[in-house]
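Structure assessment
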Amino acid sequence: MNPIRKQRLYALVAILIGSLLAVWLVVSALSENMNLFYSPSEIKEAMINEDTLIRAGGMVKKGSIIKSKDTLNVSFTVTDYQNDLVINYKGILPDLFAENAGVVVRGNLNKDGSFKAIEVLAKHDENYMPPEVAKLIEGEGWSQ
């Protein structure tokens, strides 16, 4: 085989192997960091492994928030108005967290069917406006 053709063949093989390695690294990184979102009904139906990190969401059920007096442990129920999911969380809750408000939690399922959250995100509707901005718009310092 001609030395120039041999050199081109080696370069082509190296580029092909490098491209395959890059694609494999990207796909494996994306699959490891993917958090799937489930509603309580979907969690009840799906067979989810306890080691799988997932996001669950719904509305905080009225009267379900139980806060510990001595620790930062909080227990509450998230509902999609068909099924409920008990959430256990240790930490400080967001300011917008309230009963009958939307919430998204990230964590793992327990063997007993409850959910151990490592992060709680409170959702607000599209009409939300910070109080400071609302005061400005109402006339306290708003100039056009």
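Numbering of residues begins from 1 in every chain and follows the order in which that chain's sequence is written. Since the coordinates come from a predicted model, pLDDT governs what is reported: local features require at least 70, and pairs of side-chain atoms require 80 or more to be given and counted, while whole-chain, interface and lining totals use all residues. The basis for the side-chain values is all heavy atoms of the structure; hydrogens and waters are excluded.

1. Some points on the pairing of strand E7 (residues 115-122)
Heads up, the rule is: Strand pairing follows a simple DSSP-based rule, namely that at least 2 bridges must link the two strands. Secondary structure elements are defined from DSSP: runs of H or I of at least 4 residues count as helices, runs of E of at least 2 residues count as strands, and each element is numbered from the N terminus.
Judged from the three bridges that link them, strand E5 (residues 84-90) and E7 form a sheet pairing that is parallel. Across the sheet, residue Asn 88 finds its bridge partner in E7, namely Lys 116. Two successive antiparallel strands, strand E6 (residues 102-109) and E7, enclose a turn made up of five residues, where Gly 113 displays a positive phi of approximately 95 degrees.

2. Some thoughts on the side chain of Ser 41
For clarity, the cut-off: Residues are treated as being in contact if the distance between any of their heavy atoms lies within 4.5 Å.
If you trace the backbone, Ser 41 turns up in helix H2 (residues 40-45). If sequence neighbours within four positions are ignored, Ser 41 has contacts with Asp 80, Gln 82 and Asn 83.

3. So, a nonpolar patch on the surface
In plain terms, the rule: Patch membership is restricted to residues that have no salt bridge and whose relative accessible area is over 30%. Joining uses 9 Å for like charges and 5 Å for the nonpolar side chains Val, Leu, Ile, Met, Phe, Trp and Tyr. Only the protein chains shown count as cover for residues, and the accessible areas themselves come from Shrake-Rupley with a 1.4 Å probe. Salt bridge, as applied in this entry: a Lys or Arg side-chain nitrogen positioned within 4 Å of an Asp or Glu carboxyl oxygen. Three exposure classes are used, based on accessible area relative to the maximum for each residue type with a 1.4 Å probe and protein chains only: buried under 20%, partly exposed in between, and exposed over 50%.
Together, Met 1, Leu 9, Leu 12, Val 13 and Ile 17 line one region of the surface with nonpolar side chains, adding up to about 530 Å² of accessible area. With respect to the element layout, Val 13 can be found in helix H1 (residues 3-32). Looking at Val 13, the relative accessible area reads 40%, which means it is partly exposed.

4. Some details on the packing of aromatic side chains
As a reminder of what qualifies: Any pair of Phe, Tyr and Trp rings, taking the six-membered ring for Trp, is counted once the centres come within 6.5 Å. Such a pair is stacked with planes under 30 degrees apart, edge-to-face with planes over 60 apart, and tilted for the rest.
For the coordinates displayed, the defined rule picks out one aromatic pair. Note on Phe 76 and Phe 97: the rings are 4.8 Å apart at their centroids and 65 degrees apart in plane angle, and the pair reads as edge-to-face. Here Phe 76, found in strand E4 (residues 73-79), pairs with Phe 97, found in the loop between E5 and E6; they are 21 residues apart in sequence, far enough to count as distant. Accessibility expressed as a relative area gives 0% for Phe 76, which makes it buried.

5. Remarks on the pairing of E6
Counting buried residues along E6, six of its eight residues qualify, which places the element largely inside the surrounding structure. In the sheet, strand E2 (residues 54-60) pairs with E6 via six bridges, with the strands oriented antiparallel. In the strand pairing of E6, Arg 55 is matched with Arg 106. Sheet analysis places E6 next to E7, joined by seven bridges and oriented antiparallel. Bridge pairing links Val 104 to Leu 121 in E7.

6. With respect to unusual backbone geometry
It is generally the case that most residues other than glycine have a negative phi and that most peptide bonds are trans. Despite not being glycine, Tyr 81 shows a phi value in the positive range, around 70 degrees. The backbone of Asn 100 sits at a positive phi, close to 60 degrees, despite the residue not being glycine. Following the sequence through the fold, Asn 100 ends up in the loop between E5 and E6. For Asn 100, a relative accessible area of 44% puts it in the partly exposed group.

7. Digging into the pattern of salt bridges
One pass over the structure, following the stated rule, counts two salt bridges. In this structure, Asp 84 engages Lys 61 in a salt bridge whose closest nitrogen and oxygen atoms are separated by 2.6 Å. A residue pair is termed long-range when its members are at least 10 positions apart, and Asp 84 in strand E5 and Lys 61 in the loop between E2 and strand E3 (66-67) qualify at 23 residues. By relative accessible area, which is 40% here, Asp 84 ends up partly exposed. Judged by relative accessible area, which is 36%, Lys 61 ranks as partly exposed. For Glu 119, the salt bridge is made with Arg 106, and the minimal N-O distance between the two is 2.9 Å. With a gap of 13 residues between them, Glu 119 in strand E7 and Arg 106 in strand E6 connect regions that are remote in the sequence.

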